[in-house]
Amino acid sequence: MPKRRQRQSLDAEDAETLAKRTRHNTPIKTTTATSAGRKNSNAKYFTTTQGQKLPIELKKYWNNRYSFFNRFDEGIQIDEEGWYSVTPEVIAEDTAQRISQLFNRNTEFKTKKGEELYGRFCVIDAFCGVGGNAIKFAEWCEHVIAIDIDPVRLAMAQHNAEVYGVSDRIEFILGDFYELAPSLVADVVFMSPPWGGPEYLGSEVYDLKHMPFHSGQEWVDRARMVSSNIAYFMPRNCDPRQLADLFPGVPCDIEMNYTGNFFKAITAYYSDLATFGSCGPRILKM
Ligand code: MGP
Ligand code: SAH
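Here is a short report on the structure shown in this document. (Residues numbered from 1 in each chain as written. Chains lettered and ligands numbered in written order. Predicted model: local features only at pLDDT ≥ 70, side-chain atom pairs only at ≥ 80, totals over all residues. Heavy atoms only, no water.)

## Some remarks on the overall build of the chain
Phase 1: A count of helices and strands for the chain gives 10 helices and 12 strands.
Phase 2: Expressed as a percentage of its 286 residues, the buried residues of the chain come to 56%.
Phase 3: Considering only contacts within the chain whose residues lie at least 6 apart along the sequence, 66% involve residues at least 24 apart.
Phase 4: Element-wise, carbon and sulfur atoms account for 48% of the exposed surface of the chain, whose accessible area totals about 12900 Å². (Helix = DSSP H or I, 4+ residues; strand = E, 2+ residues; numbered from the N terminus. Buried < 20%, exposed > 50% of the residue type's maximum accessible area, 1.4 Å probe, protein only. Contact = heavy atoms within 4.5 Å. Areas by Shrake-Rupley, 256 points an atom, 1.4 Å probe, with all protein chains shown as cover.)

## Comments concerning the pattern of salt bridges
Phase 1: A complete count under the given rule lists 10 salt bridges for this structure.
Phase 2: One salt bridge in this structure joins R241 and D245, with 3.8 Å as the shortest N-O distance.
Phase 3: By relative accessible area, D245 is classed as partly exposed at 43%. (Salt bridge = Lys/Arg side-chain N within 4 Å of Asp/Glu carboxyl O.)

## Here's the deal with helix α9 (residues 216–224)
Phase 1: For α9, every residue scored as buried is listed here: G216, W219, V220, R222 and A223. Down the axis of α9, the smallest arc covering the buried residues is 160°, so these residues share one side.
Phase 2: Tucked into the core, α9 has its buried residues touching α8 (177–180), β8 (188–191) and β9 (230–235). (Arc of directions from axis to C-beta.)

## Structural notes on the nonpolar core
Soluble, globular proteins show a tendency: their nonpolar side chains are buried together.
Phase 1: Ranked by size, the top nonpolar core spans 84 residues in total, and within it F69, F177, M191, Y232, L243 and Y270 carry the most contacts.
Phase 2: In terms of residue count, strand β11 (residues 262–270) provides more of this core than any other element does, 6 residues in total.
Phase 3: Not counting residues up to four positions away in its chain, the partners in contact with F69 are I76, I78, V86, E89, V130, G132, I135, N160 and Y164. (Core = buried A, V, L, I, M, F, W, Y, C linked by side-chain atoms within 4.5 Å.)

## Observations concerning the site of ligand 2
Phase 1: Contacts to ligand 2 come from 22 residues, most closely from N133, D148, R153, D176 and S192.
Phase 2: Interatomic distance of 3.3 Å between a backbone N/O atom of C128 and an oxygen atom of ligand 2.
Phase 3: One of the backbone nitrogen or oxygen atoms of G131 is found 3.4 Å away from an oxygen atom of ligand 2.
Phase 4: In the complex, the protein chains occlude 95% of the 590 Å² of accessible area that ligand 2 would expose alone.
Phase 5: Put simply, the parts of the chain that give the shell around ligand 2 at least two residues each are α4 (80–85) and α6 (132–140).
Phase 6: Partitioned by chemical class, the residues of the shell around ligand 2 number 9 nonpolar, 8 polar and 5 charged. (Near = heavy atom within 4 Å. Polar contact = N/O pair within 3.5 Å; in protein donor to acceptor, adjacent residues only side chain to side chain. Nonpolar A, V, L, I, M, F, W, Y, C, P; charged D, E, K, R; others polar.)

## Observations regarding the side chain of T48
Phase 1: With respect to the helices, strands and loops of the structure, T48 is situated in the loop between β2 (45–47) and β3 (53–55).
Phase 2: With sequence-adjacent residues up to four places away left out, T48 is seen in contact with L54 and W62.

## Some remarks on the site of ligand 1
Phase 1: Taken together, 21 residues lie around ligand 1, and K60, Y61, V86, Y200 and K264 are the ones closest in.
Phase 2: For ligand 1, an oxygen atom lies 2.5 Å from a polar atom in the side chain of Y61.
Phase 3: One of the side-chain nitrogen or oxygen atoms of Y200 is found 2.6 Å away from an oxygen atom of ligand 1.
Phase 4: Starting from 650 Å² of accessible surface for ligand 1 in isolation, the protein chains cover 92%.
Phase 5: Every element with two or more residues in the shell around ligand 1 is listed here: α2 (59–63) and α4.
Phase 6: Looking at the shell around ligand 1 residue by residue, the class counts come to 12 nonpolar, 6 polar and 3 charged.

## Structural notes on the packing of aromatic side chains
By convention here, two paired aromatic rings are described through the distance between centres and the angle between planes.
Phase 1: Using the criterion set out here, one finds 15 aromatic pairs in the structure.
Phase 2: A ring pair is formed by W195 and Y200, whose centres lie 4.8 Å apart and whose planes are at 75°; its orientation type is edge-to-face.
Phase 3: The rings of W62, Y66, F68, F72 and W83 are connected pair by pair, giving a single aromatic cluster.
Phase 4: The ring of Y45 carries K53 above its face, with NZ or CZ at 4.8 Å from the centroid.
Phase 5: The ring of Y269 has R98 lying over it, and the distance from NZ or CZ to the ring centre is 3.8 Å. (Phe/Tyr/Trp six-rings, centres within 6.5 Å; stacked < 30°, edge-to-face > 60°. Lys NZ or Arg CZ within 6 Å of the ring centre and 35° of its normal.)

## Looking at the side chain of N133
Phase 1: Inspection of the secondary structure assignment puts N133 in helix α6.
Phase 2: Of note is the side chain of N133, whose polar atom sits 2.7 Å from the side chain of T87.

## Here's the deal with the environment of A126
Phase 1: Within the secondary structure, A126 is located in the loop between β5 (116–125) and α6.
Phase 2: Beyond its immediate chain neighbours, meaning those up to four positions away, A126 contacts I147, F177, F190 and M191.

## A closer look at the pairing of strand β7 (residues 170–174)
Phase 1: Here strand β6 (residues 141–148) pairs with β7 via 5 bridges, running parallel. Across the sheet, residue D148 finds its bridge partner in β7, namely L174.
Phase 2: With helix α7 (residues 151–163) bridging β6 and the parallel β7, this β-α-β connection has right-handed handedness. (Pairing = 2+ DSSP bridges. Right-handed = clockwise from strand over helix to strand, strands pointing away.)

Here it is as structure tokens:
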């Protein structure tokens, strides 16, 4: 069973200061939102020890490869967009653990498989990428539906789940979550949509109205067609109040996600996934 981690609330932090806590991280300069360096004819590349040729801007992610998958050397596959989008393993683990514990608190159902306990609920990873979150969900709950619009990344997610020995609990679906949502059935929806590439840090506050493809509101409205239990993995320069307002009338916890001392992202939890039942944004530090 994965180890448990303690969550603490941040008393002194409020919504406005959270939106400004991005200064210690410098955005990388890239020429396109979807593939760092690809459209720059002068782009420099490096070759990984696996023989993968990647734009030099992605080297910092390669250097942190074990923070994304501690079993990286067992054959983990990641493409360019996957490198800058994959959720660090420690954060994916916290999210899966939190959802499992909170959901089971409300349902009290558990099932036993071998020596381990899994929550008897189904979570949708609506944008599974190369599988960073889906793999961790599969370690904590019985059934995961992992969706991605990109066939290459979906195949990588499946391969990576096999490396972790959890692919039997994940149903992989190739498709557009926006189109699929009305026909899906699940208890929880986790969303980590595209933010527009590493340039998401280019403005002081990330505006949910101007996300690529669909606005932050449209994604939440789609997720609500499946379940009100939503977890939304979003840029660290989001305005927590804007995130909370996406789903009026239900509790919302805003969690700051760290790897070590580095503030990486925030996750908004709605409805039953919000622990304390307040309708304003309540900020937690993970
Ligand atoms: P980052 O800011 O690109 O990296 O993304 P980092 O290491 O904080 O760089 P720094 O130089 O600014 O310090 C931080 C984390 O956000 C990544 O590790 C991913 O987990 C996540 N992330 C980044 N992007 C661009 C996306 C995205 O488009 N979609 C999703 N779902 N996650 C992303
Ligand atoms: N959490 C993932 C990273 C997600 S990155 C991980 O840890 O690996 C966002 C992903 O959303 C990308 O892989 C992209 O292909 C996918 N995507 C973009 N639009 C989509 C859509 N409409 N439906 C489903 N997936 C989509």
